[in-house]
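Spelled out, the chains give:
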Amino acid sequence: MAGYLFCPYCGVRYEKQGEVQTCRACRRTVWHNSAPCAGVLIVREGRLLLVKRGIEPFKGWWDIPGGFLQLGEPPTAGAAREALEETGLQVAIEDFIGVYVDRYGDDGRYTLNFYYTAQIIGGELKASDDAVEIGWFGPDELPDQIAFDNGRRAIADWRRLTQRKPIE
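Residues numbered from 1 in each chain as written. Predicted model: local features only at pLDDT ≥ 70, side-chain atom pairs only at ≥ 80, totals over all residues. Heavy atoms only, no water.

(A) Local environment of the overall build of the chain. The number of helices and strands found in the chain is 2 helices and 9 strands. Shown N-terminal to C-terminal, the secondary structure of the chain runs as helices and strands in the order β-β-β-β-β-β-α-β-β-β-α. Once the C-alpha set of the chain is aligned to its principal axes, its extents read approximately 60 × 35 × 30 Å. The proportion of buried residues among the 168 residues of the chain is 41%. For the chain, long-range pairs separated by at least 24 residues make up 59% of all intrachain contacts whose partners lie at least 6 apart in sequence. Carbon and sulfur atoms make up 50% of the accessible area of the chain, which amounts to about 9,700 Å² in all. (Helix = DSSP H or I, 4+ residues; strand = E, 2+ residues; numbered from the N terminus. Buried < 20%, exposed > 50% of the residue type's maximum accessible area, 1.4 Å probe, protein only. Contact = heavy atoms within 4.5 Å. Areas by Shrake-Rupley, 256 points an atom, 1.4 Å probe, with all protein chains shown as cover.)

(B) Representation of the side chain of T111 in the model. Within the secondary structure, T111 sits in strand β8 (residues 109-123). A polar contact is formed between the side chain of T111 and the side chain of N113, at a distance of 2.9 Å. (Polar contact = N/O pair within 3.5 Å; in protein donor to acceptor, adjacent residues only side chain to side chain.)

(C) Structural view of the pattern of salt bridges. Per the counting criterion, the structure on display carries 10 salt bridges. The closest approach of N and O atoms between E82 and R81, which form a salt bridge, is 3.1 Å. Across this residue pair, the class does not change: E82 and R81 are buried. Between R81 and E85 there is a salt bridge, with its nearest N and O atoms 3.1 Å apart. Placement of the pair is R81 and E85 together in helix α1 (residues 75-87), with a separation of 4 residues, close to one helical turn. On the basis of relative accessible area, R81 is assigned to the buried category, the value being 16%. Among the charged side chains, a network of salt bridges with common partners joins E73, R81, E82 and E85. (Salt bridge = Lys/Arg side-chain N within 4 Å of Asp/Glu carboxyl O.)

(D) Here's a closer look at the packing of aromatic side chains. By the definition in use, this model includes 7 aromatic pairs. Ring geometry for W62 and F137: centres 5.1 Å apart, planes at 75°, overall edge-to-face. Linking W62 in strand β5 (residues 62-63) with F137 in strand β9 (residues 131-137), this pair joins segments that are 75 residues apart in sequence. You'll find W62 and F137 in the same group, each marked buried. On the basis of an interplanar angle of 85° and a centroid distance of 5.1 Å, the ring pair of F68 and Y104 is categorised as edge-to-face. One end of the pair, F68, is in strand β6 (residues 66-68); the other, Y104, is in strand β7 (residues 89-104), and 36 residues separate them in sequence. By relative accessible area, which is 28% here, F68 ends up partly exposed. Three or more aromatic residues joined by ring pairs make a cluster, and in this case those are F58, W61, F68, Y104 and F148. One Lys or Arg, R103, reaches over the ring of Y110 and ends 4.0 Å from the middle of that ring. (Phe/Tyr/Trp six-rings, centres within 6.5 Å; stacked < 30°, edge-to-face > 60°. Lys NZ or Arg CZ within 6 Å of the ring centre and 35° of its normal.)

(E) Summary view of the side chain of D102. Mapping D102 onto the fold places it in strand β7. One buried charged residue, D102, remains without a salt bridge, the closest side chain of opposite sign being R153 at 5.1 Å. One polar contact links the side chain of D102 to the main-chain amide nitrogen of D149, over a distance of 3.2 Å. The residues touching D102, leaving out its near neighbours within four places in the chain, are R109, Y110, T111, N113, F148, D149 and N150. (Lys, Arg positive; Asp, Glu negative; His and termini not counted.)

(F) Region of the structure containing helix α2 (residues 149-163). For α2, built from 15 residues, the straight-helix expectation of 21 Å at 1.5 Å per residue is met to within 8% by its first-to-last C-alpha distance of 21 Å. Within α2, burial applies to N150, G151, A154, I155, D157, W158 and R160. On its buried face, α2 sits against β3 (35-44), β4 (47-53), β7 and β8. (Expected span 1.5 Å × (residues − 1).)

(G) Local environment of the pairing of β7. Relative to β8, β7 runs antiparallel, the two being bridged by 13 bridges. Across the sheet, Q90 pairs through a bridge with G122, a residue of β8. Counted along the chain from β7 to the antiparallel partner β8, the turn is 4 residues long, and its residue G105 has a positive phi close to 70°. (Pairing = 2+ DSSP bridges.)

Now the structure itself:
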């Protein structure tokens, strides 16, 4: 990440770019952090719910329901919100799977992705928001085209946990 050319507070041109930038005029500092995201592995009868993406990046690929957190939103709340928006399902967050760093989109912005398992507690199953299709997959029936490295790693960890396999 190159950073800003100009201070977003006072408009003075930065002398250098980087992960942390301090303005020589107003002395304010800007940090360029990974964007927080959360996703939920919804499991029913041993099968994992995935959504087919209707937008880039990875349009047409399968993905874990999830997305960017809103300002001040806890990851568990964000994961449940994203599940409702993309699948129409209300979920109860159960277990923490892991946290994964990845990159998103054409600009390669870093993301920090929190993943949880969840059980369905209500709602009506329907692909919506940026999801165009929903599918249920067993641990050994997963599609080849799964979006994002962080999603593939979270699913691999879920499979290991459900099959009690050691980390490779």
